[in-house]
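# Analysis of the macromolecular model
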Amino acid sequence: MNTWKKILHWFANPKWYFLLPVMLIAIGTTVGGTLILTQDYLFDYLIWGYVLLGIAGVTLSYSIFGIIRTYPKAKEGILKWAEKHPRINKAFNTYGFTTLVFTAFSIIVTLAFAVYNGSIAIVIRSIWFGALAAYYIVLIVLRGSILIYYGVRKRAVDNGQPETQTLIRDGKLYRTCGILLFLLPVCLSFAILQMVRAGDSFEHKGITIYVYAIYAFFKIITAIYSFIKERRNRSMVIMATKNIKLADAFVSILALQTAMFREFGGLTSSFDTVTMNAITGAIVCVLTVAIGVYMIVQANLRIKNLKQEQVN
């Protein structure tokens, strides 16, 4: 009995060296199972897709449980370690820093999507997947440019760059991101055209549609929350990340709608499905352009005011 208690206690209080491999298994089986269930050329391995997703469900659930259990102790240990290093401690307590850390993580995830869609586009010569790969590449450029600029900005400030000049450069970055946002609707327009003409769309078979739905709602809710929370933030670097995240969330709405119509298409006629997807796609493109225009106008006004202050 004591042995079983020890085992249960060990599983209830997992160590990082056990939890980390479980998390990697959860990620690997989720990707593998989703790939098998969503690609027609892997239909012969369909049973393995369900097996992998079953393993993913167990390991993912345990990973979430383990993170919840270990997070308080891990956070306490990290904060104690950070207190011994003033610069690191200051970074941990800076909201902008944490935002940029999540931006870096988003780049990794987006890169995976770009490689995935790009590979399929090359193999089957698909305009649809090629357009999606181009869309994700633009997102990588947008988010990557912010991270690169953040490093350059920090060095310039440390070297004594005047605050007004720093803010002007922030405005120029913000304006550049607004201009680059115009590329997203261009990429999406090719995908939407294929959606209307050839019937291509985002596809998530079986239970994966529900997993993606949760992920999409999470992205949409967090993007809107962040945008509202930071609407009065004076940092244009942070606002650029929030606006890009919001534009990406709009696309998640389109992706979720088209995937659901494809999975449950029997509920509506093909004409209605194509029409509604086209309308939603057009709205997403218009909203993305609107965000870009807003960023450009706001950046120009901020730069103009800062230059006037610099002259005075």
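Let me begin by describing the structure that accompanies this report. (Residues numbered from 1 in each chain as written. Predicted model: local features only at pLDDT ≥ 70, side-chain atom pairs only at ≥ 80, totals over all residues. Heavy atoms only, no water.)

## Concerning the overall build of the protein
Which entries qualify depends on this criterion: Under the DSSP-based scheme used, a helix requires at least four consecutive residues in state H or I and a strand at least two consecutive residues in state E, with every element numbered from the N terminus. Note on classification: 1.4 Å probe, protein chains only; a residue is buried when its accessible area is under 20% of the maximum for its type, exposed when over 50%, partly exposed between these limits. Note on contacts: a residue pair qualifies if any of its non-hydrogen atoms lie within 4.5 Å across the two residues. Working definition of accessibility: Shrake-Rupley area with a 1.4 Å probe, residue cover restricted to the visible protein chains.
Along the protein, the regular secondary structure elements total 11 helices and zero strands. Secondary structure elements in the protein, listed N-terminal to C-terminal, are α-α-α-α-α-α-α-α-α-α-α. Each of the 312 residues in the protein was classed as buried or not, and the buried ones make up 38%. Pairs at least 24 residues apart make up 75% of the contacts formed inside the protein by residues separated by at least 6 positions. For the protein, the exposed area adds up to about 18900 Å²; of that, 70% sits on carbon and sulfur atoms.

## Regarding the side chain of threonine 166
Looking at the element boundaries, threonine 166 is found in helix α7 (residues 163–180). Overall, the relative accessible area of 4% leaves threonine 166 in the buried class.

## Topic: the side chain of aspartate 248
Summarising the element assignment, aspartate 248 is placed in helix α10 (residues 236–263). In this structure aspartate 248 comes out as buried when scored by relative accessible area, which is 8%. Sequence-distant contacts of aspartate 248, that is, excluding residues within four places in its chain, are made with Tyr135, Leu139, Arg143 and Lys219.

## Quick word on the pattern of salt bridges
Worth spelling out the cut-off: The salt bridge definition used is simple: a Lys or Arg side-chain nitrogen within 4 Å of an Asp or Glu carboxyl oxygen.
For the coordinates displayed, the defined rule picks out two salt bridges. Across the pair arginine 143 and aspartate 248 runs a salt bridge whose closest N-O atoms are separated by 3.4 Å. With arginine 143 in helix α6 (residues 127–158) and aspartate 248 in helix α10, this pair connects stretches of sequence that are 105 residues apart. Residue class for arginine 143 comes out buried when judged on its relative accessible area of 8%. Here arginine 153 makes a salt bridge to aspartate 170, at a shortest N to O gap of 2.9 Å. Of the two residues, arginine 153 sits in helix α6 while aspartate 170 sits in helix α7, which places them 17 residues apart along the sequence. Classification of arginine 153 as partly exposed rests on a relative accessible area of 24%.

## Regarding the packing of aromatic side chains
To be explicit about the condition: Aromatic pairs are defined between Phe, Tyr and Trp rings, using the six-membered ring for Trp, whenever the two ring centres lie within 6.5 Å; interplanar angles under 30 degrees are classed as stacked, those over 60 as edge-to-face, and all others as tilted.
All told, the structure shown has three aromatic pairs when counted by the stated rule. Arranged with centres 5.2 Å apart and planes meeting at 65°, the rings of tyrosine 135 and tyrosine 136 form a pair that is edge-to-face. Side by side, tyrosine 135 and tyrosine 136 carry an identical accessibility label, which is buried. Among the aromatic residues, those joined into a cluster by ring pairs are Phe18, Tyr62 and Phe65.

## Brief notes about the environment of leucine 188
For leucine 188, the position within the fold is in helix α8 (residues 183–197). As for leucine 188 and valine 251, which are separated by 63 residues in sequence, their C-alpha atoms are 8.7 Å apart. The residues contacting leucine 188, other than those within four sequence positions of it, are Tyr135, Val251, Val284 and Cys285.

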